[in-house]
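Structural overview for review
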Amino acid sequence: MSAVEVHLVPLPDNQIIGTIDELQAQELLVSHIGASRETLDRFRAYQSLLEKWAPRINLVGASTLPYFWSRHILDSAQILPLAPPNAVSWVDFGSGAGFPGLVLAVLLENRPQSTLFLIEANTKRCAFLREAARAMEVKVEIIQAKIEDVAPIKLDVVTARAFTSLDQLMTYAVPWMAQSGHALFPKGQDIQAELIKASTRWQFQSIIYPSLSDSRGCVVKIFNCHSKLGLCQL
Ligand SMILES: C[S@@+](CC[C@H](N)C(=O)[O-])C[C@H]1O[C@@H](n2cnc3c(N)ncnc32)[C@H](O)[C@@H]1O
């Protein structure tokens, strides 16, 4: 295996280019992710709570609130079909207001054996996460701590959005990944540069999927990771 293997997945024929509206995002949630009407209702409850608390706590950028369904829900939900279908143990780093972790927790409800940990350092955001989980009646383990202070356990999938560079993410993620585990990170246009930088310290395989929610973005899947300084150690 070379230091970094990158596979690019081409845009699907029906990829929507540019900004998508609330209705299109909801249609993609149903057609691509398999979300039910009841799941969409849960996300509406989430939206109400986010709109109530966002002006008081710094939860998401105010300019992104009108694009809740595309920028937050679909952007998070698109991770689910990219994970192995038998993945049952998940962790989301730096969940903030719950993206992607809490959205995935709702969608994983029909896999009752699943466990999902959200690790978030900020006290107020953790309070919001607990409140949103209660409002949506979703089972999730919220850990209020810095990732580096939590003893890692081996899990099937690691996620993180808007958290840190890929290189730094891998330092956090690799100790949490089971041998056959995957990491799935929504990323922006600079993904190639991020992959090159990460490959100076890590050996891994990756697949770049075009984003369903933003034609400039992608989701990068990372697997078969080894540290160049010693197997899966830093
Ligand atoms: C830019 S926000 C992104 C939040 C969310 N993932 C999203 O995409 O909307 C980064 C989040 O990571 C949290 N965070 C930063 N450093 C952390 C650490 N070392 N451990 C856990 N959480 C951390 C911050 O409190 C913040 O909520």
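None of the values given here were measured: they were computed from a predicted structure. Residue numbers here run from 1 along each chain, matching the order of that chain's written sequence. The predicted nature of this model means local features are confined to residues of pLDDT at least 70 and side-chain atom pairs, given and counted, to a pLDDT of 80 or more, with totals for whole chains, interfaces and linings taken over all residues. Each side-chain value is derived from all of the structure's non-hydrogen atoms; neither hydrogens nor water enter the calculation.

Quick notes on the nonpolar core
Soluble, globular proteins show a tendency: their nonpolar side chains are buried together. Definition used in this section: a nonpolar core is a set of buried Ala, Val, Leu, Ile, Met, Phe, Trp, Tyr and Cys residues joined via side-chain atoms within 4.5 Å. Burial classification: accessible surface area is computed with a 1.4 Å probe over protein chains only, and a residue below 20% of its type maximum counts as buried, one above 50% as exposed, and the rest as partly exposed. One finds Tyr46, Trp90 and Leu102 to be the most contacted residues of the largest nonpolar core, which totals 52 residues. Helix and strand labels come from DSSP, where a helix needs a run of H or I of at least four residues and a strand needs a run of E of at least two; each type is numbered from the N terminus. For this core, the secondary structure elements donating two or more residues are α1 (22–31), α2 (37–53), α3 (68–77), α4 (101–107), β3 (115–120), α5 (123–135), β7 (202–210) and β8 (218–227). With 6 residues, α4 is the largest single contributor of residues to this core. For tyrosine 46, the residues in contact, after removing those within four places along its chain, are Phe68, Ile73, Ala97, Gly98, Phe99, Leu102, Val103, Phe128, Ala132 and Met136. The next biggest cluster of nonpolar side chains, apart from the first, holds 30 residues, and it includes Phe117, Leu155, Trp176 and Ala198. Note on contacts: a residue pair is in contact if any heavy atoms of the two residues lie within 4.5 Å.

A short note on the UniProt feature "binding site: S-adenosyl-L-methionine" (unreviewed entry) in the protein chain
What UniProt calls "binding site: S-adenosyl-L-methionine" (unreviewed entry) maps, in this numbering, to Gly94, Phe99, Ile147, Glu148 and Arg161. Of the annotated set, the members that line the largest pocket are Gly94, Phe99 and Arg161. Here isoleucine 147 lies in the loop between β4 (141–144) and β5 (155–160). If sequence neighbours within four positions are ignored, isoleucine 147 has contacts with Phe93, Gly94, Ile119, Phe163, Tyr172 and Trp176. As for its position among the elements, glutamate 148 is in the loop between β4 and β5. UniProt positions are given in the numbering used here, feature names are shortened, and annotations may be inferred rather than shown by experiment. Buried and open spaces are told apart on a 1 Å grid over the protein atoms alone, a cavity being a set of points where a 1.4 Å probe fits but cannot get out and a pocket being an open set with protein on both sides within 12 Å along at least five of seven lines. Residues with an atom within 4 Å of a point are the lining residues.

Here we look at the site of the ligand
Put simply, a residue is near a molecule or strand once any heavy atom of it comes within 4 Å of that molecule or strand. Neighbouring the ligand are 15 residues, the closest being Gly94, Phe99, Glu120, Arg125 and Arg161. Between glycine 94 and the ligand, the recorded distance is 2.9 Å, taken from a backbone N or O atom to a nitrogen atom. Between the ligand and phenylalanine 99, the relevant distance is 2.7 Å, taken from a nitrogen atom to a main-chain nitrogen or oxygen of the residue. For the ligand, the protein covers 77% of the area, taking 600 Å² as the surface of the free molecule. Judged by the proximity of its atoms to the pocket grid, the ligand belongs to the largest pocket. Lys, Arg, Asp and Glu make up the charged group, whereas Ala, Val, Leu, Ile, Met, Phe, Trp, Tyr, Cys and Pro make up the nonpolar group; the residues left over, Gly among them, are polar. For the shell around the ligand, the class distribution of residues is 6 nonpolar, 4 polar and 5 charged. For the purposes of these results, a polar contact is taken to be a pair of N or O atoms within 3.5 Å, where, inside protein, one atom must be able to donate a hydrogen and its partner to accept one; residues adjacent in sequence count only when each atom of the pair is a side-chain atom. Surface accessibility follows the Shrake-Rupley procedure with a 1.4 Å probe radius. Residue values consider only the protein chains on display as shielding. To qualify as sitting in a cavity or pocket, a molecule needs more than half of its atoms within 2 Å of the grid points.

Things to note about the packing of α1 against α3
All axes are obtained by fitting lines to C-alpha atoms, using only the stretch in contact for helices, and the reported angles, taken between N-to-C directions, cover 0 to 180 degrees. Their axes nearest at 10 Å, the elements α1 and α3 cross at an angle of 10°. With respect to α3, the element α1 is oriented roughly parallel. Judged by the sense of rotation from one axis to the other, the crossing of α1 with α3 is left-handed. On α3, the residues that touch Glu22, Ala25, Gln26, Leu28 and Leu29 of α1 are Trp69, Ser70, Ile73, Leu74 and Ala77. Each residue belonging to the contact of α1 with α3 can be placed in one class, and the counts come to 7 nonpolar, 2 polar and 1 charged. Roughly parallel here means an angle under 35 degrees, roughly antiparallel means over 145, roughly perpendicular means 65 to 115, and every remaining angle is called oblique. In this scheme the crossing of two helices becomes right-handed for a clockwise turn of the near helix relative to the far one and left-handed for an anticlockwise turn of less than a right angle.

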